[in-house]
Amino acid sequence: MNGDELARVKSQYASVELADGANTNALLTIGSIRGSAQTLEQQINNLEQDSLSDDPALNSEVQVLNKISAANILTLRSIQDSNKLLASLLEQQTIVAKQQREMTTNAVNADITRRASLAGNIMQLTGTMTDSLQNFRMP
């Protein structure tokens, strides 16, 4: 391979590695969210039951403050999961943008190469034709 082809192949291989890494990260994030979903759902249900309870022991000032704190922690966990998913989406979009850039760059480079060789090819064709026409003799 010449230098240009080698650079193009390396860039394309890097895109594949980036995509593999982003896909692995996204799958880990989704797995983590799914893995904790049942526990999180149970915690939300427990908090809801405690909040709606008529039991005076669950509605003391300290208990209410603990419920507020627990609700805030659950909110933070949800926000953290959302941020992880958004980061995964951003990684995917970055990879797509890199791949589109590579395709555009390859097309431009191919056009430059074609145009550079076109002049020589046309000269070769027309030079041969001119010689043939000049040397043509009718019998």
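Here we summarise the structure given alongside this text. (Residues numbered from 1 in each chain as written. Predicted model: local features only at pLDDT ≥ 70, side-chain atom pairs only at ≥ 80, totals over all residues. Heavy atoms only, no water.)

## Details of the overall build of the protein chain
For the protein chain, the count of helices and strands is two helices and zero strands. Computed over its C-alpha atoms, the radius of gyration of the protein chain comes to 33 Å, more than 25% above the 14 Å expected for a compact globule of 139 residues. With respect to the three principal axes, the spread of C-alpha positions in the protein chain is 120 × 25 × 20 Å. The proportion of buried residues among the 139 residues of the protein chain is 10%. Counting only carbon and sulfur atoms, one obtains 60% of the accessible surface of the protein chain, whose full area is about 11,000 Å². (Helix = DSSP H or I, 4+ residues; strand = E, 2+ residues; numbered from the N terminus. Rg over C-alpha atoms; globule rule 2.2 N^0.38 Å. Buried < 20%, exposed > 50% of the residue type's maximum accessible area, 1.4 Å probe, protein only. Areas by Shrake-Rupley, 256 points an atom, 1.4 Å probe, with all protein chains shown as cover.)

## Some thoughts on the pattern of salt bridges
Summed over the entire model, instances satisfying the criterion amount to three salt bridges. Across the salt bridge formed by Asp111 and Arg114, the nearest N and O atoms sit 2.5 Å from each other. Note that Asp111 and Arg114 are positioned in helix α2 (residues 61-134) at a spacing of three residues, about one turn of the helix. With a relative accessible area of 27%, Asp111 lands in the partly exposed category. For the salt bridge of Asp111 with Arg115, the shortest nitrogen-to-oxygen distance reads 2.9 Å. Highlighted residues: Asp111 and Arg115, both in helix α2, separated by four residues, approximately one helical turn. (Salt bridge = Lys/Arg side-chain N within 4 Å of Asp/Glu carboxyl O.)

## Structural notes on the environment of Val64
Topologically, Val64 is positioned in helix α2. Separated by 41 residues in the primary sequence, Val64 and Asn23 place their C-alpha atoms 42 Å from one another.

## Regarding the side chain of Ser15
Checked against the element boundaries, Ser15 lands in helix α1 (residues 3-52). With sequence-adjacent residues up to four places away left out, Ser15 is seen in contact with Ile95, Lys98, Gln99 and Glu102. (Contact = heavy atoms within 4.5 Å.)

## Describing α2
Taking 1.5 Å of rise per residue, the 74 residues of α2 would be expected to cover 110 Å, and the 108 Å separating its terminal C-alpha atoms lies within 8% of that figure. If you look at α2, its biggest bend is around 30 degrees, right at Leu118. Among all positions of α2, only Lys67, Leu74, Asp81, Ser88, Ile95 and Glu102 are buried. Where the residues of α2 are buried, they touch α1. (Expected span 1.5 Å × (residues − 1). Bend = angle between axes of the 7 residues up to and from the residue.)

## Quick notes on α1
Taking 1.5 Å of rise per residue, 50 residues should cover 74 Å, and α1 covers 71 Å from first to last C-alpha, within 8% of that figure. Along α1, the sharpest change in direction is near 45 degrees and occurs at Ala37. All of the buried residues along α1 are Ser15, Ala19, Ala22, Ala26, Thr29, Leu40 and Leu47. Residues of α1 that are buried make contact with α2. Between a side-chain oxygen at the N-terminus of α1 and the backbone nitrogen of Asp4 the separation is 3.0 Å; the capping residue is Asn2. (Polar contact = N/O pair within 3.5 Å; in protein donor to acceptor, adjacent residues only side chain to side chain.)

## Brief notes about the side chain of Thr29
Looking at the secondary structure, you find Thr29 in helix α1. Discounting residues that sit within four places of it in the chain, Thr29 has contacts with Lys84, Leu85 and Ser88.

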